[in-house]
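# Structural characterization, general
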Amino acid sequence: MLLCALCTWQVLVRGPLVDADIRLDRLLVGRGPRILTEFCADLGNVQVALPALAVALGYALWRGVRLPALAVALATAAVPAVVVPLKALTDRPSPLDPAATGYFPSGHGATAAVAYGGAALLLAHAHGGRPRWPLPVALVLALATGAGLVLRGYHWPLDVLAAGCLGVILLAPARWLSRPGAVGSPPRASRAPAAPDR
């Protein structure tokens, strides 16, 4: 939360982090194979991220993981409710077109963080914390999205960093509900022998 607040404050006052952000952006934009960087940036599109999340939500509900699924759905709905006012407040210009504004934070970055992070939480929670692979996969997808957005010049690095922080903040209730023993956790199978019938 503090990192997100710091990024927002620096964008509002055009502090030293913004100057460093601009220098870093100039070093990165246009790097990498266009087809790959465009593919990565597209991972944050709602047409890509939300269907992946919908599959995980459906699976979690089928497995009886209701409260964390509700928390993830609410976090997803909250993305535009949080991002749009911040874009209006900061009015940050585009890296490629100074006349276009409203680029902080990245909506695509926040969508990717919440959709893939939420899907990972639900998949892991539906199996009592196992398997562990969904969280690293979600992290790779969110980082790939952010990298694509910066390398294609769609967003400044600080836009993407703030979006990732927002994703973590919005998913905090779902993460809390997904901890072992939380309300709505799927029951763990007992290893004790069954009582004999009488």
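Please refer to the structure higher up on the page.
Residues numbered from 1 in each chain as written. Predicted model: local features only at pLDDT ≥ 70, side-chain atom pairs only at ≥ 80, totals over all residues. Heavy atoms only, no water.

## Here's the deal with the nonpolar core
Ranked by size, the top nonpolar core spans 36 residues in total, and within it V72 and L122 carry the most contacts. Put simply, the parts of the chain that give this core at least two residues each are helix 4 (46-62), helix 5 (66-90), helix 6 (107-126), helix 7 (134-151) and helix 8 (157-177). Top contributing element to this core by residue count: helix 6, with 10 residues. Non-local contacts of L122, meaning those with residues more than four positions away in its chain, are made with A56, L57, A60, V65, P68, A69 and V72. Membership of the second largest hydrophobic core comes to 8 residues, among which are V11, V18, F104 and A162. (Core = buried A, V, L, I, M, F, W, Y, C linked by side-chain atoms within 4.5 Å. Buried < 20%, exposed > 50% of the residue type's maximum accessible area, 1.4 Å probe, protein only. Helix = DSSP H or I, 4+ residues; strand = E, 2+ residues; numbered from the N terminus. Contact = heavy atoms within 4.5 Å.)

## Considering the packing of helix 1 (residues 2-13) against helix 5
Relative orientation of the contacting elements helix 1 and helix 5 amounts to 30°, with a least axis distance of 9 Å. By the angle class used here, helix 1 and helix 5 are roughly parallel. Contacts between helix 1 and helix 5 pair T8, V11 and L12 from the former with L86, L89 and T90 from the latter. Looking at the contact of helix 1 with helix 5 residue by residue, the classes come out as 4 nonpolar, 2 polar and no charged. (Axes fitted to C-alpha atoms, helices over the stretch in contact; angles between N-to-C directions. Parallel < 35°, antiparallel > 145°, perpendicular 65-115°, else oblique. Nonpolar A, V, L, I, M, F, W, Y, C, P; charged D, E, K, R; others polar.)

## Description of the pattern of salt bridges
Under the counting rule described, the total for this entry stands at 4 salt bridges. With a shortest N-O distance of 2.9 Å, E38 and R152 are connected by a salt bridge. Of this pair, E38 sits in helix 3 (residues 34-42) while R152 sits in the loop between helix 7 and helix 8, and the two are 114 residues apart along the sequence. Residues D159 and R92 are paired through a salt bridge, measuring 2.9 Å at the closest nitrogen-oxygen approach. Of the two residues, D159 is situated in helix 8 and R92 in the loop between helix 5 and helix 6; the sequence distance between them amounts to 67 residues. R92 carries the same exposure label as D159, and that label is buried. Members of the salt-bridge network, linked through shared partners, are D21, R92 and D159. (Salt bridge = Lys/Arg side-chain N within 4 Å of Asp/Glu carboxyl O.)

## Focus on helix 5
Between its terminal C-alpha atoms helix 5 stretches 36 Å, which fits the 36 Å expected from 25 residues at 1.5 Å a residue. Of all the bends found along helix 5, the most pronounced is centred on A78 and spans about 30°, while P80, a proline, follows it within four residues. The complete set of buried residues in helix 5 reads P68, A69, A71, V72, A75, T76, A78, V79, V83, L86, K87 and T90. Elements that come into contact with the buried residues of helix 5 comprise helix 1, helix 4, helix 6 and helix 8. One or two residues past the end of helix 5 sits D91, with phi positive at roughly 50°. (Expected span 1.5 Å × (residues − 1). Bend = angle between axes of the 7 residues up to and from the residue.)

Keep in mind these values describe shape, not function.
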